[in-house]
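# Architecture and fold: a report
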Amino acid sequence: MPDADESAQPLGESGDNAAVPLLEPAEGVPPVSDTAAAVAEAAARLAAGTGPLAVDAERASGFRYSNRAYLIQLRRKGSGTFLIDPIPVADALEPLAAAINGLEWVLHSADQDLPGLAELGLTPARLFDTELGGRLAGFERVGLAAMVEKLLGRELRKGHGAADWSTRPLPAEWLNYAALDVELLLELREAVAAALDEQGKTEWATQEFEHVRTAEPSTPKPDRWRRTSGIHTLRRTRQLAVVRELWATRDNLARTRDVAPARILPDSAIVAAATADPKSIAALRALPVFGGPRQRRYSRDWLGAVERARALADSDLPALTAPFDGPPPVNRWERRDPEASARLNAARAAMGELCARHAIPVENLLTPDLLRRLCWDGLPEFRSGGMPEDPAGAIDAFLAAGGARPWQRELAVEQLVTALFGGRSDGEANPPPRVSAHQ
């Protein structure tokens, strides 16, 4: 592992020269491949290239319900850049998959794009994530434009990332933007790899990239309706039931129409209906938003949701607060279990010091949730007051079961033993020191 010295400082942060604007691809904006023949030609040219493959995808977050890719950008040395419209050729991507699935892919923030690409049968054999690599290398700003400017001295002018990429035809300036996203990605990969190597973090990054590449699709969290903006203003369980029913109705409509839920009905309208409890379509339409042309067509659906919530037995109403999935909120620990609170404070301080020493974000060493679960009741000895026969082994096993990678455990375990057990190894535990949460 890297020593706590100057090698932990990120590279490329000291240049004072102004970045050179990158306004268009050096080879021009390629045409969009939107036929089976064009995709097959792109696949053949990419297969003839050399080295890793730069990959990006544009979605329509905020406009569509699905996470599908509406444009795929690919670039490889010796091949050039290709823009693929997967919507009309979704059943003709086999040649492309055959050409690129065996390659190393280079993406920026890969976890955002890999699920949508996997839906199309496109998956990498190896992965290099320049955003994640930048985090591990200690860069303060890890957006694509910021890293390109710092490491390559070029200025990427952003502006269309939040656009509705399901629009057809795609405007020329959007395509220019999309092509530029992969124009320097391969060069950025080499610069980030050099920074990681200089700091002795190449193996750390390799494990992290593989973890992202092989991650299972995330499953929706239960009670997602509780994340409705403004729900904290409601004080009665019957009101929460209205939110739950309206949220589910909106979600079904959004999924069916492939429209972002907030574009069908904003959260503020759901909370307003839960507060007003309308008894008729007229009363519903008198509320903000519900009288709009988009919402009026679903008036019966909205009122039906309110009526279902009103008809629920008291025993079927949701609790005022969400049931805990794991430890309770941290702000309740001091009152409910002062010893667990002290453990968490000590562990947080130890991890903060360790991450500062190695110039990595705390969340990239151990996820906050995993650390909380460990400190609450992760080991039986926390309740019995004793100490494990092998405290390092017990903590390592807990972290491994929680998904921590080998490099993370190698770095964190001994520090956690000291923080949680006072460094004792004689079978008796010292209580962890009382450490301020702000230390």
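All values derive from a computational prediction rather than experimental measurement.

### Observations concerning the overall build of the chain
- When helices and strands are counted, the chain shows 20 helices and eight strands.
- Along the longest, intermediate and shortest principal axes, the C-alpha atoms of the chain span 70 × 70 × 40 Å.
- In the chain, which comprises 439 residues, the share counted as buried stands at 47%.
- Within the structure as shown, the chain displays about 21,600 Å² of accessible surface, and the carbon and sulfur contribution to it stands at 50%.
- In the chain, which carries 51 positive and 61 negative side-chain charges, the distance between the mean positions of the two groups comes to 10 Å.

### Observations concerning the side chain of Ser-109
- Within the fold, Ser-109 resides in the loop between β6 (104-107) and α3 (110-118).
- When its relative accessible area of 19% is taken as the criterion, Ser-109 is described as buried.
- Excluding its chain neighbours within four sequence positions, the residues that come into contact with Ser-109 are Asp-129 and Glu-131.

### Digging into the UniProt feature "domain: HRDC" (unreviewed entry) in the chain
- Under the UniProt annotation, "domain: HRDC" (unreviewed entry) lies at residues 236-316.
- Within the segment residues 236-316, helix and strand shares are 70% and 0% respectively, and the terminal C-alpha atoms sit 13 Å apart.

### A closer look at a positive patch on the surface
- On the surface, Arg-257, Arg-263, Arg-294 and Arg-297 cluster together into a positively charged patch.
- Checked against the element boundaries, Arg-263 lands in helix α10 (residues 261-264).

### Focus on the pairing of strand β3 (residues 50-58)
- Two elements, β3 and strand β4 (residues 71-77), share seven bridges in a ladder whose sense is antiparallel. The residue bridging Asp-56 from the neighbouring strand is Gln-73, located in β4.

### A few points about helix α5 (residues 144-152)
- Residues Leu-144, Ala-146, Met-147, Val-148 and Leu-151 constitute the buried set of α5.
- Its buried side turned inward, α5 meets α4 (130-136), β8 (154-156), α6 (172-183) and α7 (185-198).
- Of the residues trailing α5, Gly-153 is marked for its positive phi of about 70°.

### Re the sheet that holds strand β5 (residues 80-84)
- A sheet is described by the order of its strands in space; here six strands give the open sequence β2-β5-β4-β3-β6-β7, paired in mixed fashion. Of all strands in the sheet, those with a lone pairing partner are β2 (32-33) and β7 (126-129), marking the two edges.
- In the sheet, β6 pairs with β7 via four bridges, with the strands oriented parallel. Of the residues in β7, the one forming a bridge with Val-106 is Phe-128.
- Sitting on the sheet, α7 touches β3, β4, β6 and β7, and the angle it makes with β3 is about 110°.

### Section: the layout of surface pockets
- For the second largest pocket, the calculated volume is near 790 Å³.
- The wall of the second largest pocket is formed by 24 residues, among which Pro-222, Ala-322, Pro-323, Phe-324 and Asp-325 lie closest to the centre.
- Among the elements that take part in the lining of the second largest pocket, helix α17 (residues 368-377) stands out by supplying three residues, more than any other.

### Concerning the packing of aromatic side chains
- In the structure shown here, the tally under the stated rule is eight aromatic pairs.
- Each ring, one from Trp-165 and one from Trp-174, has its centre 5.4 Å from the other, and the planes form 50°; the classification is tilted. A single burial state applies to Trp-165 and to Trp-174, both of which are buried.
- In this arrangement the basic side chain of Arg-343 is found over the ring face of Phe-382, its NZ or CZ atom lying 4.1 Å from the centre.

### A short note on the environment of Ala-262
- Considering the arrangement of structural elements, one finds Ala-262 in helix α10.
- By relative accessible area, Ala-262 is classed as exposed at 53%.
- In sequence terms Ala-262 and Phe-63 are 199 residues apart; their C-alpha atoms lie 8.6 Å from each other.

### Observations regarding the packing of helix α8 (residues 202-213) against helix α20 (residues 406-421)
- The N-to-C vectors of α8 and α20 enclose an angle of 125°; their axes lie 8 Å apart at closest approach. The angle between α8 and α20 places the two elements in the oblique class. Counting all contacts with α8, which are made through Trp-204, Gln-207 and Glu-208, the residues of α20 involved are Pro-406, Trp-407, Gln-408 and Leu-411.
- For the contact of α8 with α20, the class distribution of residues is four nonpolar, two polar and one charged.

### Considering helix α19 (residues 391-401)
- Within the span of α19, buried status applies to Pro-391, Ala-392, Ile-395 and Leu-399. Buried residues of α19 fall within an arc of 100° about the axis and therefore sit on the same side.
- Among the structural elements, α17 and α20 are those in contact with the buried residues of α19.
- Looking one or two residues past α19, Gly-403 carries a phi angle of roughly 100°, positive in sign.

### Let's talk about the pattern of salt bridges
- Under the defined criterion, the tally for this structure stands at 23 salt bridges.
- Linking Glu-353 and Arg-357 is a salt bridge whose minimum nitrogen-to-oxygen distance equals 2.7 Å. Here the residue Glu-353 and the residue Arg-357 both occupy positions in helix α16 (residues 338-358), the gap between them amounting to four residues, near one helical turn.
- Here the residues in one salt-bridge network are Glu-27, Arg-75 and Glu-183, joined through shared partners.

### Topic: the packing of α5 against α7
- For the pair α5 and α7, interaxial distance at closest approach is 10 Å and the crossing angle is 65°. As summarised for this structure, α5 and α7 are arranged roughly perpendicular, according to the angle between their axes. Remark: the crossing between α5 and α7 carries left-handed chirality. Counted together, Leu-144, Met-147, Val-148, Leu-151 and Leu-152 of α5 and Leu-185, Glu-187, Leu-188, Ala-191 and Val-192 of α7 form the full contact between these two elements.

Analysis parameters
- Residues numbered from 1 in each chain as written.
- Predicted model: local features only at pLDDT ≥ 70, side-chain atom pairs only at ≥ 80, totals over all residues.
- Heavy atoms only, no water.
- Helix = DSSP H or I, 4+ residues; strand = E, 2+ residues; numbered from the N terminus.
- Buried < 20%, exposed > 50% of the residue type's maximum accessible area, 1.4 Å probe, protein only.
- Areas by Shrake-Rupley, 256 points an atom, 1.4 Å probe, with all protein chains shown as cover.
- Lys, Arg positive; Asp, Glu negative; His and termini not counted.
- Charge placed at Lys NZ, Arg CZ, Asp CG, Glu CD.
- Contact = heavy atoms within 4.5 Å.
- UniProt positions renumbered as here; feature names shortened; annotations may be inferred.
- Patch = residues over 30% accessible without salt bridge, like charges linked within 9 Å, V, L, I, M, F, W, Y side chains within 5 Å.
- Salt bridge = Lys/Arg side-chain N within 4 Å of Asp/Glu carboxyl O.
- Pairing = 2+ DSSP bridges.
- Axes fitted to C-alpha atoms, helices over the stretch in contact; angles between N-to-C directions.
- 1 Å grid on protein atoms, 1.4 Å probe; cavity = no way out; pocket = protein on both sides within 12 Å on 5 of 7 lines; lining within 4 Å.
- Points joined across faces, edges and corners; volume = space filled by probe spheres on them.
- Phe/Tyr/Trp six-rings, centres within 6.5 Å; stacked < 30°, edge-to-face > 60°.
- Lys NZ or Arg CZ within 6 Å of the ring centre and 35° of its normal.
- Parallel < 35°, antiparallel > 145°, perpendicular 65-115°, else oblique.
- Nonpolar A, V, L, I, M, F, W, Y, C, P; charged D, E, K, R; others polar.
- Arc of directions from axis to C-beta.
- Left-handed = near helix turned anticlockwise from the far one by under 90°.

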